[in-house]
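# Tertiary structure, described
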Amino acid sequence: MMIIRADEINDTGPKPQAFDIERATRDNKNYRTVAWSGRYLQVTLMSIPVGGDIGLEMHPETDQFLRLDAGHGRVQMGTAKHRLPFEQTVSNGWCVLVPAGTWHNITNIGTVPMHVYAI
C-alpha cells in the first residue's frame, strides 16, 4: 500500500484521488494546501499558527464542513461580517458545519498549530 505524505499531495481534481486525510492534515505545514478540486467540492488542508485564524469569509452558494485534527480553536459565525453571535470552542475531532451565506472564522486559541481540513 502506498502512503501519500502531505507534501506529496497534488490537486488531481476532478480525477479520482484517495489518501489518509487525517495523516495529511496533521502532517501539513502550509497555511493552506488544496488537496482536491472537483466540480461541486474542494478539499483544503490548513495549518493555522498560534493566534492565527482561517480568515473571516462567507460562501454564498455552498455549505462548508471543517474538521480539526489537532489544536484548539474558537469558531465564530453569523449572518453579517460584523455580527457573529455563534461562538464555540473546538478541539481535535470536532467538526464545524457552516451553512451557505454564513460569515465564519476559526481562530487558533491553543499553544500549538491548529490543523484543519475543509470540504
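About the thresholds
Residues numbered from 1 in each chain as written. Predicted model: local features only at pLDDT ≥ 70, side-chain atom pairs only at ≥ 80, totals over all residues. Heavy atoms only, no water. Pairing = 2+ DSSP bridges. Helix = DSSP H or I, 4+ residues; strand = E, 2+ residues; numbered from the N terminus. Axes fitted to C-alpha atoms, helices over the stretch in contact; angles between N-to-C directions. Contact = heavy atoms within 4.5 Å. Buried < 20%, exposed > 50% of the residue type's maximum accessible area, 1.4 Å probe, protein only. Polar contact = N/O pair within 3.5 Å; in protein donor to acceptor, adjacent residues only side chain to side chain. Core = buried A, V, L, I, M, F, W, Y, C linked by side-chain atoms within 4.5 Å. Phe/Tyr/Trp six-rings, centres within 6.5 Å; stacked < 30°, edge-to-face > 60°.

## Some thoughts on the sheet that holds strand S6 (residues 95-98)
Whenever strands of a sheet pair, they do so through backbone hydrogen bonds, lying parallel or antiparallel. The sheet built from five strands is open, its strands ordered S1-S2-S8-S3-S6 with antiparallel pairing. The open sheet terminates on both sides in strands that have one partner only, identified here as strand S1 (32-37) and S6. Looking at each pair of strands side by side, their axes are set apart by 20° on average, direction ignored. Bridging between S1 and strand S2 (residues 42-48) involves five bridges; their strand directions are antiparallel. Bridge pairing links Trp36 to Val43 in S2.

## Observations concerning the sheet that holds strand S4 (residues 72-78)
Taken together, three strands build an open sheet; the order of strands is S5-S4-S7 and the sheet is antiparallel. Looking along the sheet, the strands with just one partner apiece sit at the ends: strand S5 (86-91) and strand S7 (103-108). Within the sheet, the average angular offset between the axes of one strand and its neighbour, ignoring direction, is 20°. In this structure, S4 lies alongside S5, joined through six bridges in antiparallel fashion. Looking across to S5, one finds that Gln76 is bridged to Glu87.

## Considerations on the side chain of Asp69
Mapped onto the secondary structure, Asp69 falls in strand S3 (residues 64-70). Beyond its immediate sequence surroundings of up to four residues, Asp69 is in contact with Ile21, Glu22, Thr25, Arg26, Asn92, His115 and Tyr117.

## Description of the side chain of His115
Tracing the backbone through its elements, the reader meets His115 in strand S8 (residues 114-118). Its relative accessible area of 8% is what places His115 among the buried residues. Separated by 3.1 Å, the side chain of His115 and the backbone oxygen of Thr25 make a polar contact. In contact with His115, not counting residues within four places along its chain, are Thr25, Arg26, Asn28, Met46, Ser47, Arg67, Leu68, Asp69 and Ala70.

## What about the nonpolar core?
Residues Ile54, Leu66, Val75, Val96, Ile106, Met114 and Val116 are the most contacted members of the largest nonpolar core, which totals 14 residues. Those elements that place two or more of their residues in this core are S2, S3, S4, S6 and S8. The dominant element in this core, judged by the number of residues it contributes, is S8, at three residues. The residues contacting Leu66, other than those within four sequence positions of it, are Ile54, Trp94, Cys95, Val96, Val98, Ile106, Val116, Tyr117 and Ala118. The next biggest cluster of nonpolar side chains, apart from the first, holds six residues, and it includes Ile9, Ala24, Leu45 and Tyr117.

## Quick word on the packing of aromatic side chains
Enumeration over the complete set of coordinates arrives at one aromatic pair. Arranged with centres 6.2 Å apart and planes meeting at 40°, the rings of Phe65 and Tyr117 form a pair that is tilted. Placement of the pair is Phe65 in strand S3 and Tyr117 in strand S8, with a sequence separation of 52 residues. The class for Phe65 is partly exposed, based on a relative accessible area of 27%. The class for Tyr117 is buried, based on a relative accessible area of 9%.

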